[in-house]
Amino acid sequence: MQKQQKKYIFVVGGVMSGVGKGIAAASIGRVLQSHGLEVTALKIDPYVNVDAGTMNPTEHGEVFVLDDGSECDQDMGNYERFLDRDLSITNYMTTGSIYQNVINRERNLEYGGKFVSVVPYIPMEVIDRINKAGAKSKADVVITEIGGTVGEYENILFLEAVRMMKLKNPDDVLLVLVSFVPAIGAGGTELKTKPTQHAVRDLNRAGLHPDFILGRAPVPLDKKRKEKLEFFCSMGKGGVISAPDVESIYEVPVNFERDKLGDRILSKLSLKSKKKDFGAWKRLVSVIRGAKKEVKIAIVGKYFGTGNFVLTDSYISVLEAVKHAAYALKAKPVIEWLDAETFEKNQGALKALSQYGGVIVPGGFGNRGIEGKIAAIRYCREKRIPFLGLCYGMQLATVEFARNVVGLAHANTTEIDAKSPHPVIDIMPEQKENVATKNYGGTMRLGAYPARLKPGTVAHAAYMGSGYNLKPKTSNLISERHRHRYEVNPKYIERLEKKGLVFSGISPDRRLMEIAELPREKHPFFLGTQFHPEFKSRPLRPHPLFREFIRAALRRISKS
C-alpha cells in the first residue's frame, strides 16, 4: 500500500494584525481531527527575538511554556488547547532562531564553504524545520501559521518558503488567508471587501494565491460579499468562508464545519475522511451557549494596562483555564481584572473582593503591585474567599502567611528585598549566577518537572478525582510546567508548617515546594502552585486544580 503523502496548510493574515490567524489555524486543525486525521501545528513569528521569553507581556501577550521548556508565542497555547496535543520546540520558530541556526551552521562549515545567501538558505531552513515537525509528529497534515500581515517586509522570507514548497508539490500545499472585512455605515453593517482584495494582491506579489479566504468580520459575510470576493480575488466557488465574531473562540470550529470547510480542504488536498466525530466539541459549545449559572472570578495582577485598554492576552492561559473549569461544571464564567496597585493606594478597596466567588493571583515578575497582591491574598485568607495562586501568586501567599500567621515581620522574597531579615522566598542556587551575569534568556527553571502529592490534601483529592496527569494513574506523581527562578526557602519550611501551611506537592528529591495550601477545615479553598497549571488545561479536559477552585467558588456563590 502506497504511503499517504504529507499535506501542508499555511495560514497567513491580511489587512491588519490580531485578525485571528492562530484561532483559525487551531480551528482548522480541530476540524481535520474530527475527520480522523493526525494534525500538528507550527507557529512562525517574524521578530528577531530568538524566543518569546524576554518580551514584555503587555506588548506581546503571554509567554507560553511547553513541556520541553521552550518559551513561545501564546498561539502555541491555542494549538495545544484545540488539538489536545503537547507540542515541542520543533513546532515553533522565529526570525531570530532561524538566522541563528543558519549562522551557526555556516560557522561549523556545514554548508561546505558555499556562499550562504539569505535566499534560498533562510527559506530552506524554514522548510527543513516544517518537515521535521511533520515527521516527528507523524501527522497527516501540518498546519503552519505565519505571523504578521501579508505585505510586510518581515515575513516575506517565510512566504518565499511557502512559494518554494507550493512550486515543488502543488497538490500537497494549501494556503489560507485570514483577512479582515471591515463594517462601516450606520450600525456598522456595510461590509467592505476592498482591503481584502488588496491583501490578495500582496500575496500575488509574493508569487502566491490563496486557496481559501476566511473573511473576519463583526457579522457573517452575506452571499453578495462572498461572490464579490470570489470574483475580484479569482477564487473558486466556495473559496470564501465567513468567520464572524463569536462569543466563544470554541465556536469557531463548529462554524467552519457548518460551512463545510473541512470537506473543502480534504477535496483540495485529495484526502479522504477516515471518520467524522465532532460530538464532544459540539456538546462543549452547547454547554457554553446554554450556561446560565454565573461564577464571578477576580484576577489580581499588573499586566493589564496598555493605554486606555485592558490587555487580557497577558494571562490568556489563565483566562481559558477558568473557562474550561467553569464549562465542565455547567457554569458561565464572569472574569474581572483588578489592578493590584489599586489595593496599595486604597486598602478599603479590598472589600470589593467579597463580591467574587474566587480570586486568582497569577504569575509575574518584579516589585510593582506586589504589596497590593499580598494585601488581596490576606483578605482572601481571612475572609475565607476561595484563592488560587499561580507561581508568583504561590510565593506571595507564602510571604503573606509568614508575615501575618507565623509572625515574621518584613518577611519577603529576595526578588523584591535582597536584604529581607526573613527571605522565605529565595533564588534557586543554580539561578544565582544567571542573575548576577544578567543571563536572562531561556535560563529559568523551565518546562515539565515532576512533583509528588501528599495524600489527604486538597491537591491530592483534586488530581486523584480526575486521574489527570498522574504518572502512572495509580501513583501520586504529577508532571507540570514551570517558569521561575525563586523558590520557598527550605530554611523556613518547618516554621511555616508548624503554623498550618501544608506543602501538598513536593519535588521527588524533596528540595522544592511545588504546592502550598491550607487544610479544608481551615479554608474552603486556599492553594498556590509553584508551577503553571493553566498551561496544561484543555477545553475538553480542564485542569483539576482550576476545576476544584471553580467548584469552591460556586459553593461560595450558592451560600451568598
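Our structure is the block above this text.
Because the structure is predicted, anything quoted here is derived from the model rather than measured.

Enquirer: An account of the overall build of the protein is needed here, citing residue identities and associated values.
Expert: When you go through the protein residue by residue, the secondary structure sums to 19 helices and 25 strands. Relative to the globule expectation of 24 Å for 560 residues, the C-alpha radius of gyration of the protein, 25 Å, shows essentially globular dimensions. With the C-alpha coordinates of the protein rotated into their principal frame, the extents come out at 70 × 60 × 50 Å. The buried share of the protein, reckoned over its 560 residues, is 58%.

Enquirer: Just give me the short version of the nonpolar core, but keep the residues and values in it.
Expert: By size, the foremost hydrophobic cluster in this structure holds 51 residues, and its most contacted members are I9, I28, L32 and L214. For this core, the leading source of residues is helix α1 (residues 21-34), giving seven residues.

Enquirer: Give a detailed account of the pairing of strand β10 (residues 212-217), specifying residues and quantitative values.
Expert: Of all six residues in β10, five are buried, a share of seventy percent or more. Here β10 runs beside strand β11 (residues 240-244); their pairing, made up of five bridges, is parallel. In the strand pairing of β11, A217 is matched with P244.

Enquirer: Explain the sheet that holds strand β25 (residues 526-529) residue by residue, including any values.
Expert: Taken together, nine strands build an open sheet; the order of strands is β15-β12-β16-β17-β25-β24-β23-β20-β21 and the sheet is mixed. In this open sheet, the two strands that pair with only one neighbour each are β15 (331-339) and β21 (477-484). Between one strand axis and the next, the sheet turns through 30° on average, direction left out of account. Across the sheet, helix α19 (residues 544-559) lies against β12 (293-301), β15, β16 (358-361), β17 (387-390) and β25, angled at about 115° from β12, the strand it touches most.

Enquirer: Go over the environment of R452, please, and point to the residues and values.
Expert: Locating R452 in the fold gives a position in strand β20 (residues 445-453). Since its relative accessible area comes to 43%, R452 is described here as partly exposed. With 319 residues separating them in the primary sequence, R452 and A133 have C-alpha atoms 32 Å apart. Non-local contacts of R452, meaning those with residues more than four positions away in its chain, are made with N476, L477, S504, G505 and I506.

Enquirer: So what about α1? Which residues, and what values?
Expert: The first and last C-alpha atoms of α1 sit 20 Å apart over 14 residues, in line with the 20 Å expected at 1.5 Å per residue. For α1, the tally of buried residues reaches 14 of 14 residues, placing the bulk of the element in the interior. Looking one or two residues beyond α1, the residue adopting positive phi is G36, at roughly 85°.

Enquirer: Requested: an account of empty space enclosed by the protein, with residues and values cited.
Expert: This model, assessed by the stated rule, comprises one cavity of 30 Å³ or more. In this structure, the largest cavity occupies an estimated 30 Å³ of space. Surrounding the largest cavity, A397, T398, L501, A516, F526, L527 and G528 form its lining. The set of elements that each furnish at least two residues to the lining of the largest cavity consists of α15 (392-406) and β25. In terms of residue count, β25 provides more of the lining of the largest cavity than any other element does, three residues in total. When the residues that make up the lining of the largest cavity are grouped by side-chain class, the tally is five nonpolar, two polar and no charged.

Enquirer: So what about unusual backbone geometry? Which residues, and what values?
Expert: For the bond running from V119 to P120, omega is 15°, close enough to zero to count as cis. By secondary structure assignment, the location of P120 is in helix α5 (residues 118-137). Even without being a glycine, L109 presents a positive backbone phi close to 60°. With respect to the helices, strands and loops of the structure, L109 is situated in the loop between α4 (95-107) and α5. Its identity as a non-glycine residue notwithstanding, K138 has a phi of 55°, on the positive side. Tracing the sequence through the fold places K138 in the loop between α5 and β6 (141-146). K138 sits in the exposed class, given a relative accessible area of 67%.

Enquirer: Any chance you could break down the sheet that holds strand β7 (residues 173-180) for me, citing the residues and the numbers?
Expert: With parallel pairing, seven strands are arranged side by side in an open sheet as β5-β2-β6-β1-β7-β10-β11. Each end of this open sheet is capped by a strand with a single partner; those strands are β5 (92-94) and β11. Ignoring strand direction, the axes of neighbouring strands in this sheet form an average angle of 20°. α1 contacts β1 (7-14), β2 (39-45), β6, β7 and β10 of the sheet and is inclined by roughly 170° relative to β6. Of the strands in this sheet, β1, β2, β5 and β6 touch α5, which is tilted by about 155° from β2.

Enquirer: A description of the pairing of strand β24 (residues 513-517) should follow, citing residues and the corresponding values.
Expert: Within a regular strand, side chains alternate between the sheet's two faces. Most of β24 is tucked away, with five of its five residues classed as buried. Relative to β24, strand β23 (residues 502-506) runs antiparallel, the two sharing four bridges. Bridging from a neighbouring strand, G505 pairs with I515 of β24. A loop of six residues connects β23 with β24, the two strands running antiparallel in sequence, and R510 in this loop sits at a positive phi of about 65°. Both β24 and β25 contribute to a ladder of three bridges, which runs antiparallel. By the bridge assignment for β25, I515 is matched with T529.

Cut-offs used in this document
Residues numbered from 1 in each chain as written. Predicted model: local features only at pLDDT ≥ 70, side-chain atom pairs only at ≥ 80, totals over all residues. Heavy atoms only, no water. Helix = DSSP H or I, 4+ residues; strand = E, 2+ residues; numbered from the N terminus. Rg over C-alpha atoms; globule rule 2.2 N^0.38 Å. Buried < 20%, exposed > 50% of the residue type's maximum accessible area, 1.4 Å probe, protein only. Core = buried A, V, L, I, M, F, W, Y, C linked by side-chain atoms within 4.5 Å. Pairing = 2+ DSSP bridges. Axes fitted to C-alpha atoms, helices over the stretch in contact; angles between N-to-C directions. Contact = heavy atoms within 4.5 Å. Expected span 1.5 Å × (residues − 1). 1 Å grid on protein atoms, 1.4 Å probe; cavity = no way out; pocket = protein on both sides within 12 Å on 5 of 7 lines; lining within 4 Å. Points joined across faces, edges and corners; volume = space filled by probe spheres on them. Nonpolar A, V, L, I, M, F, W, Y, C, P; charged D, E, K, R; others polar.

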